[in-house]
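Fold and contact review
This is what each chain is made of:
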Amino acid sequence: MARTAGNIRLKSARLAAGYNSQQALADALGVGVRQVRRWESEAPPWPQPEVAQTLMRLLGQDLESLGFTPAGGAPDRGRRSVLAATVAVGLSAVPTQAAGAMQPPSVAEDFEAVTRSHRRLYWSVAPSTLHPSVLAHATLGCALMSETVGQTRARTAAALAETWLLAGRIEFFDLREADRAQQTLLRALQAAGEADDALLGSAILAHTAFIPGWAGDREAALERMVAARTYARRGPASAQMLAWLDAVEAECETRCGQTRTALHLIGHAEDLLAAGSEHETPQWFDWFSSARLAAFKGNTQLTAGHLPQARATLLGVLDALDASEEKQSTVILGDLAAIEAKAGDPDAACGYAVRALDQLERTWYAMGIDRVREVRRALAPHQQERCVRELDDRLYGWSTTVSALAR
C-alpha cells in the first residue's frame, strides 16, 4: 500500500520557518509532539483558536494555506473567530506563498556569518572603512526580516541586533557621533526585541548608558543601567557579563566625578569574575575580559589621583593584553602617559604618548588619540622641552593629522 504524503503544506512551512523537527514546532507552540503529528497527517484537525494564532504567527501563513480545512474539525463559527483574532493582533492573512516569496532557513546562518566577520574585523579595520559595510549589512537584515518567519526570523533578528550594536559602537567610540549612536542603538534594541534576546538587550542598553555618562548626566546613565541589569537577570547573564555591567557603570560614575563609587563597583566586578558562574557568555560578547576590567580600574585610580596604584594596575594590563588588542593598548599607553604627566615626569609621559601614536598609525582609535591629546594639554608647562616638541612632531605628523580629520 502506498504511503500517504500527509499535510505537506504544513510540513513545508514548518521547515521553511526553521523548525527542522515536529518536536521543535511543538516546543515553540507549547503543545505535545503528537498534536503536530496529527496536523501533518492526511486529515489534520483544526487547531484550537489560541494555538492557531501562534501557529500562524510562527509560520507566516493562514490556516488554509497550511493545509487545514473546516472539514478537519472546526465549525464555521470557530474559523471566523480565528480569522478575527488574526486581524486583532495585527497579523495579515497570507495567501499561499508564491515560489521564492520567503527565504529558506539557511538565510539566517548566512546572515549570521557576515555579522561574525564584521565583529572580528572591528579590531583591525579602520572604523571609517568598516562602518559603511556594517550599515549595508544592517539594511540587508531589515529586508530579510519581512521575508523570514519562525526561528529563521528570530535568528536573523538577533544577528541584525548585533550588527546595529556594532554600528553604534563605531559611531560612539570611534567616530564620536553620540547622537547618531543613540539612534542606531535604539534600532539595535528593537531588533533584539524581535529576537526576544534579553542578553543582547542588556548589552545594548548598557552601551546607551555611556552616552549620558560621558556627558556628565549621571541620573540618565544610572537609569539606563537599571534597565540593562533587569534584562541581564532575564538572560540569565554570566559572571563575565555582570562584571562588565559593573565596569560600564563604574566608568559612568568616574566620568561624573564619583570615583569612590566607581572603585566599589570595580571591586564587585572583580569578585564576580573570581567566583565565576554556570551561565555561558554569548559568543558576540568579545569586548571584555579581566584585563579590560583592570583597564577600567586603572583609569578610575588615575582620575581619583591614586597615581602609584594606577601605574601598577595599568602596567599589569599592558603586559596582559594580547598583541592583537592594539586599540585597547593605545588607551592604556595614553593613561600611563597621563600618570607620568601628573607625576611631573614629562620625558616618561612623552615616551608613552609616542608609543600610543605608533599604535594609532597602524590601527586608528578615537579614544586613543583623545588620551594623547589630553596628555599634551597637561604637558603645556613643559612645552619648550625637547621631548614635548618631539611629541608635537609626531602628534601633528601627516598620517596622524589626516587620520584625525578623516574620522
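In this report, we go over the structure that sits alongside the text.

Cut-offs and rules
- Residues numbered from 1 in each chain as written.
- Predicted model: local features only at pLDDT ≥ 70, side-chain atom pairs only at ≥ 80, totals over all residues.
- Heavy atoms only, no water.
- Helix = DSSP H or I, 4+ residues; strand = E, 2+ residues; numbered from the N terminus.
- Buried < 20%, exposed > 50% of the residue type's maximum accessible area, 1.4 Å probe, protein only.
- Areas by Shrake-Rupley, 256 points an atom, 1.4 Å probe, with all protein chains shown as cover.
- 1 Å grid on protein atoms, 1.4 Å probe; cavity = no way out; pocket = protein on both sides within 12 Å on 5 of 7 lines; lining within 4 Å.
- Points joined across faces, edges and corners; volume = space filled by probe spheres on them.
- Nonpolar A, V, L, I, M, F, W, Y, C, P; charged D, E, K, R; others polar.
- Core = buried A, V, L, I, M, F, W, Y, C linked by side-chain atoms within 4.5 Å.
- Contact = heavy atoms within 4.5 Å.
- Phe/Tyr/Trp six-rings, centres within 6.5 Å; stacked < 30°, edge-to-face > 60°.
- Lys NZ or Arg CZ within 6 Å of the ring centre and 35° of its normal.
- Axes fitted to C-alpha atoms, helices over the stretch in contact; angles between N-to-C directions.
- Parallel < 35°, antiparallel > 145°, perpendicular 65-115°, else oblique.
- Salt bridge = Lys/Arg side-chain N within 4 Å of Asp/Glu carboxyl O.
- Left-handed = near helix turned anticlockwise from the far one by under 90°.

Some thoughts on the overall build of the protein
When you go through the protein residue by residue, the secondary structure sums to 20 helices and 0 strands. When each of the 407 residues of the protein is scored for burial, the buried share is 48%. In the structure as shown, the protein presents an accessible area of about 19400 Å², 51% of it carried by carbon and sulfur atoms.

Brief notes about the layout of surface pockets
Its boundaries defined by the atoms lining it, the second largest pocket holds a volume of some 330 Å³. Lining the second largest pocket are 15 residues, with Asn299, Leu302, Thr303, Asp335 and Glu374 sitting closest to its centre. For the lining of the second largest pocket, the secondary structure elements donating two or more residues are α12 (239–255), α14 (290–304), α16 (326–342) and α18 (366–378). Sort the elements by how many residues they give to the lining of the second largest pocket and α16 lands first, with 5 residues. When the residues that make up the lining of the second largest pocket are grouped by side-chain class, the tally is 5 nonpolar, 4 polar and 6 charged.

Points about the nonpolar core
Phe173, Trp244, Trp284, Trp287, Phe288, Ile332 and Leu379 are the most contacted members of the largest nonpolar core, which totals 96 residues. If one sorts the elements of this core by residue count, helix α8 (residues 150–174) sits on top with 12 residues. Setting aside residues up to four positions removed in sequence, Trp244 forms contacts with Ala203, Ala206, His207, Phe285, Trp287 and Phe288. Leu29, Ala52, Leu63 and Val149 belong to the second-largest nonpolar core, a separate cluster that totals 20 residues.

Some details on the packing of aromatic side chains
In the structure shown here, the tally under the stated rule is 15 aromatic pairs. Judged by centre distance (6.2 Å) and plane angle (85 degrees), the ring pair of Trp39 and Phe68 falls under edge-to-face. One end of the pair, Trp39, is in helix α3 (residues 33–39); the other, Phe68, is in the loop between α4 (49–59) and α5 (76–88), with 29 residues separating them in the sequence. In this structure Trp39 comes out as buried when scored by relative accessible area, which is 2%. A relative accessible area of 1% places Phe68 in the buried class. Each ring, one from Phe172 and one from Phe210, has its centre 6.4 Å from the other, and the planes form 25 degrees; the classification is stacked. With Phe172 in helix α8 and Phe210 in helix α10 (residues 198–214), this pair connects stretches of sequence that are 38 residues apart. For the pair shown, Phe172 and Phe210 are each scored as buried. Put simply, the rings of Trp244, Trp284, Phe285, Trp287 and Phe288 touch in pairs and so form one group of aromatic residues. Against the face of Tyr231 rests Arg234, its NZ or CZ located 4.5 Å from the ring centre. Directly above the ring of Trp214 sits Arg255, whose terminal nitrogen or CZ lies 3.8 Å from the centroid.

Focus on the packing of α10 against helix α11 (residues 218–234)
Relative orientation of the contacting elements α10 and α11 amounts to 170 degrees, with a least axis distance of 8 Å. Put simply, α10 runs roughly antiparallel to α11. Facing α10, whose interface residues are Ala198, Leu199, Gly201, Ser202, Leu205, Ala206, Thr208, Ala209, Pro212 and Gly213, α11 presents Ala220, Ala221, Arg224, Met225, Ala227, Ala228, Tyr231, Ala232 and Arg234. Among the residues forming the contact of α10 with α11, the class breakdown is 13 nonpolar, 4 polar and 2 charged.

A closer look at the pattern of salt bridges
This model, assessed by the stated rule, comprises 21 salt bridges. With a shortest N-O distance of 3.1 Å, Glu270 and Lys297 are connected by a salt bridge. Taken together, the positions of Glu270 in helix α13 (residues 259–275) and Lys297 in helix α14 put the pair 27 residues apart, joining distant regions of the chain. Note that Arg376 and Asp392 form a salt bridge whose closest N and O atoms lie 2.6 Å from each other. Pair noted here: Arg376 is in helix α18 and Asp392 is in helix α19 (residues 386–395), with a separation of 16 residues, a long-range link. Per residue, the accessibility class of Arg376 equals that of Asp392, and both read buried. Counted as one network, the salt bridges with shared partners bring together Glu171, Glu177 and Arg180.

A few points about the environment of Ala43
Take Ala43: it is sitting in the loop between α3 and α4. As for Ala43 and Thr69, which are separated by 26 residues in sequence, their C-alpha atoms are 8.9 Å apart.

Side note on the packing of α8 against helix α9 (residues 178–195)
Interaxial distance between α8 and α9 falls to 8 Å at its minimum, and their mutual angle equals 165 degrees. The angle between α8 and α9 falls in the class roughly antiparallel. Seen from above, α8 lies across α9 with left-handed handedness. Together, Arg153, Ala154, Ala157, Ala158, Leu160, Ala161, Trp164, Leu165, Ala167, Gly168, Glu171 and Phe172 of α8 and Ala178, Arg180, Ala181, Thr184, Leu185, Arg187, Ala188, Ala191, Ala192, Glu194 and Ala195 of α9 make up the contact between the two elements. A per-class count over the contact of α8 with α9 returns 16 nonpolar, 2 polar and 5 charged.

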